[in-house]
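What follows is the residue order along each chain.
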Amino acid sequence: FHALCALAGDDIRVNLEFGEFTQIRSLPAAREFIRTVDHKAAGILVDLMHLNRAGDAFPDLNDQVFSYVQVCDFWQSSKKMAGDAYIEAAVDGRCNLGEGEANRLDIQTVCRAGVDVSLEIRSKALREEFPDPVSRARQIWTTCHRKAFL
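Residues numbered from 1 in each chain as written. Predicted model: local features only at pLDDT ≥ 70, side-chain atom pairs only at ≥ 80, totals over all residues. Heavy atoms only, no water.

1. Here we look at the sheet that holds strand β4 (residues 116-119)
Okay, step 1: Pairing in this open sheet of 4 strands is parallel, and the strands run β1-β2-β3-β4 from one edge to the other. Two strands close off the open sheet at either side, each with one partner strand: β1 (14-17) and β4. Along the sheet, successive strands turn relative to each other by an average axial angle of 30°, direction set aside.
Okay, step 2: Across 4 bridges, the pairing between strand β3 (residues 66-71) and β4 is parallel. Bridged to valine 69 within β4 is valine 117. (Pairing = 2+ DSSP bridges. Helix = DSSP H or I, 4+ residues; strand = E, 2+ residues; numbered from the N terminus. Axes fitted to C-alpha atoms, helices over the stretch in contact; angles between N-to-C directions.)

The structure is reproduced here in structure tokens:
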């Protein structure tokens with residue numbers, strides 16, 4: 001990871017995504033890993049679903065280690081899942097913002113933050129309802145406007 005960060009130079013951040021399906025499963029473990037890497041390009045990607053699954057508190061996004069957030073809505077039942085069941089929920093069970101059980105305050109905090117945000121809404125239901133990826137993207141974009149959550 002350090003070698004990758006060195007290749008990134010000064011203009012690119014290399015973000016670690018922690019999660020149930022990786023060797024680094026929690027935010028505290030990710031922080032420790034990045035502290036050990038000790039490179040200014042190293043950062044942590046926060047995925048709201050993985051943060052919830054780990055049971056970790058929502059971090060202060062003003063901390064320079066967080067430069068990127070993946071946001072989605074999800075069902076709280078995913079918190080109790082492990083292994084393949086959790087991977088299936090992460091791949092097929094996410095939903096548009098405001099349609100699931102994610103902490104609305106966390107979503108609002110992300111919407112107000114000055115970090116880069118992506119909508120990671122991988123959803124079997126959306127793929128089935130909108131098989132065309134452009135139509136699906138339009139639906140997600142229409143539903144998940146940042147200002148709707150401020």
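The discussion continues.
2. Remarks on the pattern of salt bridges
Okay, step 1: If you walk through the whole model with that rule in mind, you get 9 salt bridges.
Okay, step 2: For glutamate 32, the salt bridge goes to arginine 35, with nearest N and O atoms at 2.6 Å. Of this pair, glutamate 32 and arginine 35 are both found in helix α2 (residues 27-37), 3 residues apart, which corresponds to roughly one turn of the helix.
Okay, step 3: Classification of glutamate 32 by relative accessible area gives partly exposed; the value is 39%.
Okay, step 4: Among the charged side chains, a salt-bridge network with shared partners connects Asp47, Arg94, Glu120 and Arg122. (Salt bridge = Lys/Arg side-chain N within 4 Å of Asp/Glu carboxyl O. Buried < 20%, exposed > 50% of the residue type's maximum accessible area, 1.4 Å probe, protein only.)

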